[in-house]
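Next come the chains, spelled out residue by residue.
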Amino acid sequence: MRRTREPGVPVPLLVPAVLAVAFLVLPLAGLVLRAPWGELGPQLAGPAVGQALRLSLVSASAATALSLVLGVPLAWVLARSRARGRSVLRALVTVPLVLPPVVGGVALFLVLGRQGIVGRWLDQALDVTIPFTTTAVVIAETFVAMPFLVISVEGALRAADARFEDAAATLGADRWTTFRRVTLPMVAPGIAAGAVLCWARALGEFGATITFAGNFPGTTQTMPLAVYLALQQDPDAAIVLSLVLLAVSVATLLLLRDRWLSRPGAAA
Amino acid sequence: MSLTADVRVDRGPMTVELDLEVADGEVLAVLGPNGAGKSTLLRVLAGLLPPDSGRVAVGPETWDDVLAGVHVPAHERRLGMVFQDHLLFPHLSVTDNVAFGLRTRGLGKSAARAAARDWLARVGIAELGDRRPGRLSGGQAQRAALARALVGEPALLLLDEPLSALDARTRLTVRAELRRHLGEFPGSTVLVTHDPVDAMALADRVVVVEEGRVVQAGTPSDVSRHPRTDYVARLVGLALLPGTGAGTTVRLDGGGRVAVAEETAGPVFVAVRPESVALWPARPEGSPRNVWPARLVSATPHGSTVRCELDGEVPLVADVTATAFAELGLAPGTPVWASVKASDVAVYAR
Amino acid sequence: MRIRSSVVLVAVAVGALSACGGGDDGVAATTTTATSDDGGLGGTLTVFAAASLTDVFTDLGERLEADHPGLDVRFTFAGSSALAAQVTQGAPADVFASANRSQMAVVTDAGLADGEPQVFAANVLQIAVPAGNPAGVTGLADLAREELALAVCAPQVPCGAAAEDVFAAAGVEAAPDTLEEDVRAALTKVELGEVDAALVYTTDVTAAGDAVEGIDVPEAERAVNDYPIAVLTEAPNPQAGAAFVDLVRSEEGRQALADAGFRTP
């Protein structure tokens, strides 16, 4: 098959697109230009940076995993179930997208805190306290990031042709088998894209985390918290930490893009 | 394993109410315009849509019985279904697509694959098993879809417009193959189509559905010779004659020869549309290559034309205007001459 | 008439533009100051103040506005270090009130303070516990208890630096569960009952009302936090700035600060 030549980009699209790139990239360029490269070594050598970075990566990945386990089924329900009240459910699910994360953190306290509706019971019956633990970091990040996954996956499910599920049913597959063997593989690119969004959002999470999980190096101080606190005292250190976070996330996204997000190539 | 279905489904303003029986080995074509309720019927038979009332039974098994509260879900019905645009799972190889139904019903992986490969050979695409469906042509994909539907030895085969997504040339060959496979299939088949040629070529019996109801039922030739409604007349007024092609001539199985425009060879169908047939009181002058003496058997007016059923060496159906019918002084038993241009004759491999 | 109305139009337009820009309040302030006819204070006064001053300064600002009807007082309350950073980045503030000397030093070192900053208040740390003191905290030594849920400010912010000094002076190995980004965040966690204790300022305990009880810490005398205030050299409205500083340091201002739990010089 011959490829047709790429047509040029129309000017009314090109100009705003270039502005958008400038708008998004220039602040990053600012960080890079302003970075105290000489201090980079000593700043990074401190144990706090590695600790915060490791915690960030672990907790964002855990939050993504939790979002996948809970969010994909939720997306299925939103996309496929015919139950009434689905639109209300969808609106509720997207609330964390618009809620200021700090408020989200307080809301988590009201449920899972020591005095919270569920947390009180956990504390008294099981002697489990969630706030100020790494678990709390994962929960706060999941709360804020899962809607991104749910929305992406629901969109992918809606775009997928439901008649494939009919075809699977005529081939003897019950709904669960159909979900596992047909639906899930078919929307895999959408799930991967949603997971990446979710992970990126979790990695940058600040407000809900610092409120619900607090800030303690090694347990709950993720990179964004470290950046914020560094900014209080030493802006250069904050820039260095930001660059580390930036480099790690860009590297991870590029890697994932190559491995997961590219469309599966046709078999030879 | 014959199918009996007597179901009613309320679809908004329209009610689909159909009563069907299909014997073992029989192919029933459900013919009708878009929106007539054909697909609804198939979804009910497949178990994808519960009927509002009625029963569906295949052999001794009751699949739906609204009064008794029985509804066997699709995945528990022993059926195979072929969809218009094949719906092969894009993430599985062709072999795994065909093996899918066997796997869900508990067969081991290698046994399922072996059976799948066997069926791919039977539909003539053995060498394509490792491909993804995206890399098959339309005809190949529809063959794979047929293999996927038949591999599980279903009691009921449902075909939903199986040829309409194919281009004209591919359609001819796939139709001929489908006819062969349907001939070997021991269960009941329901074929939904809006193309009368599919119905004529593939079905033992035809039911014509309009607005959710059967308007006519019978063998394909019955229906085309005695259309009960205008729609049926326009739709199925087609004489379909089996014969053997050699060059630009087809020798009909029932005797007689038909000149055609394109070269053919082997077993074929000759199809003549009734509006292509001209009637003459005497042998026409000039040199039309297809001229046959005939005798009028029956005449059925519909709209401004009259459908004339002709008997003779070549049995044909002709549509003539009411005026011409009167001028020819036609009455049952009247001898006439019928002519058809070679270029108006369609030929299908069978 | 024609000329004058177009001047007004321009002034309005400039004001609107600068409001949109969100930065340069000075233009609008100057314009309105010029139209003020009684020679009193007018325009906009922008005060950057430490978060712990929120209630007192809001109250004092309203009094100043009552005395000068043409004056519009605006506050930005945040952590002192964040404010100091904003001032050095060119934020158009008239007055900066810091919760400690070190963040004021950031501004004076940049040459942005007009004259020597004046200490107008002081604050000491207190242990805040939820009403009823469920964990039975009696003094600083209790804060070393592992099972106690304890919030302390992060060492990067002033209340955290002060807390470190107090713990060091008392020889207490505190076991905090979280290092809060500012004192209000620490207090919120006490109010919610999510921590058993937090080390915060006396003023914060006062402001929190009945939900929180304060426990005095004698060792806190080692780390009294002084609050300096200064008019800024780049102030768009220096007259109003000076008037606000005078009000804060007046008898009236000292009384308001004392009511809020501050010590006054």
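Analysis parameters
For every chain, the first residue of the written sequence is number 1, and numbering continues from 1 onward in sequence order. Both sets of labels track the order of writing: A upward for chains, 1 upward for ligands. Totals for whole chains, interfaces and linings use all residues, but because this is a predicted model, local features are given only for residues with pLDDT of at least 70 and pairs of side-chain atoms are given and counted only at 80 or more. Here a strand is any run of E in DSSP of at least two residues, a helix any run of H or I of at least four, and the numbering for each starts at the N terminus. The atom set for the radius of gyration is the C-alpha atoms, and the globule formula is 2.2 Å times the number of residues raised to the power 0.38. Exposure criterion: with C-beta atoms placed from backbone coordinates, a residue whose C-beta has 20 or more other C-beta atoms within 10 Å is buried, one with 12 or fewer is exposed, and one in between is partly exposed. Any residue pair is listed as a contact if its two C-beta atoms, each placed from the backbone, are within 7 Å. UniProt positions are given in the numbering used here, feature names are shortened, and annotations may be inferred rather than shown by experiment. These domain boundaries are the output of an automatic or database domain assignment. Residues are grouped as follows: nonpolar covers Ala, Val, Leu, Ile, Met, Phe, Trp, Tyr, Cys and Pro; charged covers Asp, Glu, Lys and Arg; every other residue, Gly included, is treated as polar. On a scale of 0 to 100, pLDDT captures the predictor's confidence in every residue. When DSSP finds at least two bridges between two strands, those strands are taken to pair. When the strands point away from the viewer, a crossover counts as right-handed if the route from the first strand across the helix to the second turns clockwise. Nonpolar cores are identified as sets of buried Ala, Val, Leu, Ile, Met, Phe, Trp, Tyr and Cys residues joined via C-beta atoms within 7 Å. Whenever a helix is involved, its axis is fitted only over the stretch in contact; in every case the axis is a line through C-alpha atoms, and angles between N-to-C directions fall within 0 to 180 degrees. An angle below 35 degrees is read as roughly parallel, one above 145 as roughly antiparallel, one from 65 to 115 as roughly perpendicular, and any other as oblique. Whether a crossing is left-handed or right-handed is set by the direction in which the near helix is turned from the far one by less than a right angle, anticlockwise for left-handed and clockwise for right-handed.

Peer 1: With reference to specific residues and values, describe the overall build of chain B.
Peer 2: Check the secondary structure of chain B and you find nine helices and 19 strands. What you see for chain B is a C-alpha radius of gyration of 22 Å, in line with the 20 Å of a compact globule of 350 residues. Once the C-alpha set of chain B is aligned to its principal axes, its extents read approximately 70 × 50 × 30 Å. Within chain B, the proportion of its 350 residues that are buried is 45%. In chain B, once contacts between residues fewer than 6 apart in sequence are set aside, the share between residues at least 24 apart is 63%.

Peer 1: Outline the UniProt feature "binding site: molybdate" (unreviewed entry) in chain C, listing residues and values.
Peer 2: Residue and element names in this part refer to chain C. Residues annotated by UniProt as "binding site: molybdate" (unreviewed entry) correspond here to S52, S80, V183 and Y201. Considering the C-alpha atoms alone, the annotated residues occupy 150 residues of sequence yet fold into one spot, their largest mutual distance being 14.4 Å. With respect to the secondary-structure elements, S80 resides in helix α4 (residues 80-88). With 31 C-beta atoms counted inside 10 Å, the residue S80 sits in the buried group. Here S80 is in contact with A50, S98, A99, N100, Q103 and P158, once residues within four sequence places are set aside. When residues no more than four places from it in sequence are discounted, the contact partners of V183 are A51, S52, C153, C159, V200, Y201 and D204.

Peer 1: I'd like a rundown of the domain arrangement of chain C, residues and numbers included.
Peer 2: Residues and elements named next belong to chain C. Once the domains are mapped, chain C shows domain 1 (43-121 + 226-259) and domain 2 (125-223). Its C-alpha centre places domain 1 at a distance of 27 Å from the equivalent point of domain 2. Domain 1 puts nine residues into the contact, and the matching count from domain 2 is nine residues. Here the residues of the side of domain 1 that touches domain 2 are counted per class, giving two nonpolar, six polar and one charged.

Peer 1: Break down the interface of chain C and chain A for me, citing the residues and quoting the values.
Peer 2: Each partner contributes to the interface: chain C provides 18 residues, whereas chain A provides 17 residues. Elements supplying a minimum of two residues to the side of chain C that touches chain A: α4 and β7 (178-180) of chain C. When grouped by side-chain class, the residues that make up the side of chain C that touches chain A number nine nonpolar, five polar and four charged.

Peer 1: Would you mind going over the domain arrangement of chain B in detail, with residue names and values included?
Peer 2: All names here are of chain B. Examined at the domain level, chain B breaks down into domain 1 (3-236) and domain 2 (239-349). Here the C-alpha centroids of domain 1 and domain 2 sit 33 Å apart. Each side of the interface is counted separately: domain 1 has 14 residues, and domain 2 has 12 residues. Elements with a contribution of two residues or more to the side of domain 1 that touches domain 2: α5 (168-184), α6 (196-202), α7 (220-225) and α8 (230-236).

Peer 1: Kindly report on the arrangement of the chains, identifying the contributing residues and their values.
Peer 2: Comparison of the two pairs of chains in contact shows the highest number of contacts for chains A and C. What separates chain B from chain C at the closest point of their C-alpha atoms is a distance of 49 Å, and the two make no contact.

Peer 1: Describe the confidence of the model for chain C, listing the residues and the values that go with them.
Peer 2: Residues and elements named next belong to chain C. Model confidence for chain C is summarised by a mean pLDDT of 83, while 85% of its residues fall at 70 or above. In this model residues 1-38 is a low-confidence stretch, pLDDT under 50, and it forms 31 contacts with partners more than four residues away in sequence or in other chains. Interface predicted TM-score (ipTM) for the complex: 0.76; the corresponding pTM is 0.74.

Peer 1: Talk me through the interface of chain A and chain B; I want residue IDs and the actual numbers.
Peer 2: At the junction of the two partners, chain A supplies 16 residues and chain B supplies 20 residues. Elements with a contribution of two residues or more to the side of chain A that touches chain B: α9 (163-170) and α10 (175-186) of chain A. For the side of chain A that touches chain B, the element with the most residues is α9 of chain A, which contributes six residues. Here the residues of the side of chain A that touches chain B sort into 10 nonpolar, three polar and three charged.

Peer 1: Outline the environment of Q43 of chain A, listing residues and values.
Peer 2: Residues and elements named next belong to chain A. With respect to the helices and strands, the residue Q43 is situated in helix α2 (residues 40-45). Exposure remark for Q43: the 22 C-beta atoms within 10 Å place this residue in the buried category. In this structure the C-alpha to C-alpha distance between Q43 and L122, which are 79 residues apart in sequence, comes to 40 Å. If we ignore the near neighbours within four places in the chain, the residues touching Q43 are V49, A237 and V240.

Peer 1: So, the pairing of strand β1 (residues 43-50) of chain C: which residues are in play, and what are the values?
Peer 2: All names here are of chain C. Judged by how many residues are buried, β1 sits mostly within the fold: eight of eight residues are covered. Pairing between β1 and strand β2 (residues 71-78): eight bridges, direction parallel. Residue G43 lies in a different strand from β2, and its bridge partner there is L71. In this region the chain leaves β1, passes through helix α3 (residues 54-67) and returns to the parallel neighbour β2; the handedness of that crossover is right-handed. Bridging between β1 and strand β3 (residues 95-97) involves three bridges; their strand directions are parallel. Looking at the pairing, F48 lines up with F96 of β3.

Peer 1: Talk me through the nonpolar core; I want residue IDs and the actual numbers.
Peer 2: Ranked by size, the top nonpolar core spans 256 residues in total, and within it V95, A198 and V200 of chain C carry the most contacts. A total of 16 residues in this core trace back to one element, the largest contributor, which is helix α8 (residues 134-159) of chain A. Among all residues touching V200 of chain C, those that are not within four sequence positions of it are L125, Q126, A128, C159, V183, A186, L187 and V205 of chain C.

Peer 1: Tell me about the packing of helix α3 (residues 47-80) of chain A against α8 of chain A, and name the residues and values.
Peer 2: Residues and elements named next belong to chain A. Interhelical geometry of α3 versus α8 gives an angle of 40° and a closest axis separation of 6 Å. As summarised for this structure, α3 and α8 are arranged oblique, according to the angle between their axes. For the element pair α3 and α8, the recorded crossing hand is right-handed.

Peer 1: I'd like to hear about the sheet that holds strand β9 (residues 212-216) of chain C, residue by residue, with values.
Peer 2: Residue and element names in this part refer to chain C. Pairing in this open sheet of five strands is mixed, and the strands run β7-β6-β8-β5-β9 from one edge to the other. The open sheet has two edge strands with one neighbour each: β7 and β9. Shown here is a sheet whose adjacent strand axes are inclined to one another by a mean of 35°, direction ignored. With three bridges connecting them, strand β6 (residues 150-153) and β7 associate as parallel partners. Pairing of V152 across the sheet is with L179, part of β7.

Peer 1: Which residues make up the sheet that holds β1 of chain C, and what are the values?
Peer 2: All names here are of chain C. Spatial strand order, β2-β1-β3-β10-β4: five strands in an open sheet with mixed pairing. Looking at which strands have only one partner, the edges of the open sheet turn out to be β2 and β4 (118-123). Strand-to-strand twist in this sheet, taken as the mean axis angle between neighbours without regard to direction, amounts to 20°. Pairing analysis gives three bridges linking β3 to strand β10 (residues 225-231), with the strands arranged antiparallel. Along β10, the bridge assignment pairs F96 with A230.

Peer 1: So what's going on with unusual backbone geometry? Which residues, and what values?
Peer 2: Residues and elements named next belong to chain B. In this structure, E161 is a non-glycine residue whose phi angle is positive, near 45°. Considering the arrangement of structural elements, one finds E161 in the loop between β8 (156-160) and α5. Its identity is not glycine, yet E211 carries a phi of approximately 45°, on the positive side. Counting through the fold element by element, E211 comes out in the loop between β10 (205-210) and β11 (213-218). On the basis of neighbour counts, which here come to 15 C-beta atoms within 10 Å, the residue E211 falls in the partly exposed class.

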